[in-house]
Amino acid sequence: MRYIDALKLHPGDEVTVKHSKKTMQIVEIEAVEYIKGISVRLDDGNWYGYKEIL
């Protein structure tokens with residue numbers, strides 16, 4: 001996923017994790033704009049970087 005697309009995500013959106021191909025819902029989003037980093041916590045309880053999801 002691109003950074004621009006990750007900025008449009010909201011809790012409740014469904015995304016697919018690249019390595020496991022599982023579709024899960026976003027629970028929480030944390031953005032650090034000065035390093036262009038976005039982390040999302042999915043309903044499995046794990047945090048993923050925006051490059052790890054589709």
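See above for the structure.
Residues numbered from 1 in each chain as written. Predicted model: local features only at pLDDT ≥ 70, side-chain atom pairs only at ≥ 80, totals over all residues. Heavy atoms only, no water.

A.B. asks: With reference to specific residues and values, describe the pairing of strand β2 (residues 23-32).
C.D. replies: In this sheet, β2 lies alongside strand β1 (residues 14-16) in antiparallel orientation, the contact comprising three bridges. Each bridged residue has a counterpart across the sheet, and for T16 the counterpart in β2 is T23. Where β1 folds back onto β2 in an antiparallel hairpin, the turn is made up of six residues, including K21, whose phi is positive at roughly 60°. For β2 and strand β3 (residues 37-42), the ladder comprises six bridges, and the chain directions are antiparallel. (Pairing = 2+ DSSP bridges. Helix = DSSP H or I, 4+ residues; strand = E, 2+ residues; numbered from the N terminus.)

A.B. asks: An account of the pairing of β3 is requested, with residue identities and associated values reported.
C.D. replies: Linking β2 to β3, which pair antiparallel, is a turn of four residues; within it K36 sits at a positive phi near 55°. Relative to strand β4 (residues 47-49), β3 runs antiparallel, the two sharing three bridges. Within β4, the position partnered with V40 by the bridge is Y48. Where β3 hands over to β4, the hairpin turn is made up of four residues, of which G45 adopts a positive phi near 90°.

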